[in-house]
Amino acid sequence: MNDIIEINEENGKIEQYRLLQYENFCEIANLFMEYIFEIDHNNWEEIVKELENVLSRCDEIDYQSDATAMAYAIWHFLDRYHRMQIMCTDLLKEGCLNRRKQYDVLDVGTGPSQVLFALSDHFQNLNKIEKEISCIFNSDYVEQSQGFRNFLHHFVEYALTKGKQYLVPFHHGRTSNVFDIEFNELIESWSTSRQGKYRYYKYRYDVVVFNNFLTTKGFVESLDNILHKICRYMRSYGLIIIIGASSKSKKYREIYPVIDKIINQPFKDTKFYGFWYKLIDKDFNCKYEDEYGCILGEYFNKIITHLKKLNLWDNVSPKAKKEFKDNVKYLLSKDSQDSWNGATWKMVVYRKISKPSYGRSTVKTFKCRNPIRMMDYYWRKEIKQTKDD
């Protein structure tokens, strides 16, 4: 059996996949609205106070409080979930995330974890299309915010009570601090007469995602050692997915070259050699001129109605009120969409290629600029060496 699940225009499965994506979006939108509309009046009062704060200072606040995390989710959860759906379709076209295997995924700085919810649905969709369990999805996340960790714990549990299982951890993630990520975790140690003995649990991932986490040049540079460690311990053919603001953004324009310099490198140690190469570098623009836009517009309309019902609409700041009304206008009125730039963002994907070192001492030929030629050269060399042996 071919280990690749073919999803493309030629075999018609891409349309089936898109229909499943739409069903997924409707389902998570309904679940999320039910969940937030069950929040009591006192908690909504606290959320309303944070709505403008989240809009104005999203990269500065720490989201430790449940109200701040919930305010962020109200603004961004459904929109960012759909963005990840769009990116999943692009990843499929590039031959990614479509193999019959177990995928271990780590989301660094997960926030409300739209990426993991979308990936959970993505792999379940592939299994529905194949009508068998072809892909197994295991996920974990790193998140310093107690507010987001609480949101994920409760929302995943809430969805389960409604009959929907998202393969997103209940357990608040393995670690809260990105600087504490370990890939070989000591689980046991003992001594003999001559030396110490140790047993480690090895964490290895097929996909690591940074979604709106690498937001400043200085922060990216401070993560140099962590990024190198992630690159080292990921599996061959693993993907690092960077999602952030468009490269046209003045703030982000200087971040992507720094990330590229750290990740897009050859490597060599005593066990493996290989290289990373850039697979996708794409800017997206979505104006939601479809059924997804209608659902999002109705969602924001329902938020306004709910706040009025709770007598809290007058407590919403003028800036947040304008944002709610603009979202409704641009998403529901086709006449207004011509004057709206839509949502813009960027995805950069790096892929790892590695092989056992077999005692080689140099990787000088990795200076070749074309990664496909590099890959072909070493694969042919491995085949020749195997035949000679």
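Residues numbered from 1 in each chain as written. Predicted model: local features only at pLDDT ≥ 70, side-chain atom pairs only at ≥ 80, totals over all residues. Heavy atoms only, no water.

### A few points about the pattern of salt bridges
In plain terms, the rule: In what follows, salt bridge is the name for a side-chain nitrogen of Lys or Arg lying within 4 Å of a carboxyl oxygen of Asp or Glu. Comment: elements are numbered from the N terminus, with helices defined as DSSP H or I runs of at least four residues and strands as E runs of at least two. Exposure classes here rest on a 1.4 Å probe applied to the protein chains alone. A residue is buried below 20% of its type maximum, exposed above 50%, and partly exposed in between.
Within this structure, the stated rule accounts for 21 salt bridges. Between Lys-229 and Glu-182 there is a salt bridge; the shortest N-O distance is 3.7 Å. Placement of Lys-229 in helix H7 (residues 224–233) and of Glu-182 in the loop between helix H5 (146–161) and strand E3 (184–191) is noted, with a sequence separation of 47 residues between them. Residue classification places Lys-229 among the partly exposed positions, given a relative accessible area of 25%. One salt bridge in this structure joins Asp-326 and Lys-322, with 2.7 Å as the shortest N-O distance. Of this pair, Asp-326 and Lys-322 both sit in helix H11 (residues 318–332), four residues apart, roughly one helical turn. Under the relative-accessibility criterion, Lys-322 is labelled exposed at 52%. Several salt bridges converge on common partners, so that one network encompasses Asp-260, Lys-278, Asp-281, Asp-283 and Lys-346.

### A few points about the environment of Asp-79
Put simply, the rule reads: In this description, contact between two residues means that some pair of their heavy atoms is separated by no more than 4.5 Å.
Checked against the element boundaries, Asp-79 lands in helix H3 (residues 66–93). Residue classification places Asp-79 among the buried residues on the basis of a relative accessible area of 12%. Contacts of Asp-79, omitting those with residues within four sequence positions, involve Tyr-288 and Leu-296.

### Concerning the pairing of strand E1 (residues 102–108)
Selection rule: At least two bridges found by DSSP between two strands are what make those strands a pair. A clockwise path from the first strand over the helix to the second, with the strands pointing away from the viewer, defines a right-handed crossover.
Extensive coverage of E1 is indicated by the burial of six of its seven residues. Inspection of the sheet shows E1 paired to strand E2 (residues 136–142) by seven bridges, in the parallel sense. The residue of E2 that forms the bridge with Asp-104 is Asn-138. Tracing the backbone out of E1, into helix H4 (residues 114–130) and back to the parallel element E2 gives a crossover that is right-handed.

### Side note on the layout of surface pockets
For the record, the criterion: Put simply, the grid is 1 Å and covers the protein atoms alone, a cavity is a trapped set of points that fit a 1.4 Å probe, a pocket is an open set with protein on both sides within 12 Å along at least five of seven lines, and lining residues have an atom within 4 Å of a point. Grid points are joined across faces, edges and corners, and a volume is the space filled by probe spheres set on the points. In this count, Pro and Cys sit with the nonpolar residues alongside Ala, Val, Leu, Ile, Met, Phe, Trp and Tyr, while Asp, Glu, Lys and Arg are called charged and the others, Gly among them, polar.
Empty space within the second largest pocket amounts to approximately 540 Å³. Lining the second largest pocket are 23 residues; nearest its centre among them are Arg-232, Tyr-233, Asp-269, Phe-272 and Lys-352. Those elements giving two or more residues to the lining of the second largest pocket turn out to be H7, helix H9 (255–263), strand E7 (266–268), strand E8 (272–286) and strand E9 (343–356). In terms of residue count, the dominant contributor to the lining of the second largest pocket is H7 (four residues). By residue class, the composition of the lining of the second largest pocket is nine nonpolar, six polar and eight charged.

### So, helix H10 (residues 291–309)
To be explicit about the condition: An expected span of 1.5 Å times one less than the residue number is assigned to each helix.
Taking 1.5 Å per residue, 19 residues should reach 27 Å; H10 reaches 27 Å between its end C-alpha atoms and fits that length. Where H10 is concerned, the buried positions are Tyr-292, Gly-293, Ile-295, Leu-296, Gly-297, Tyr-299, Phe-300, Ile-303, Ile-304, His-306 and Leu-307. Buried-residue contacts for H10 involve helix H1 (13–37), helix H2 (41–56), H3 and H11.

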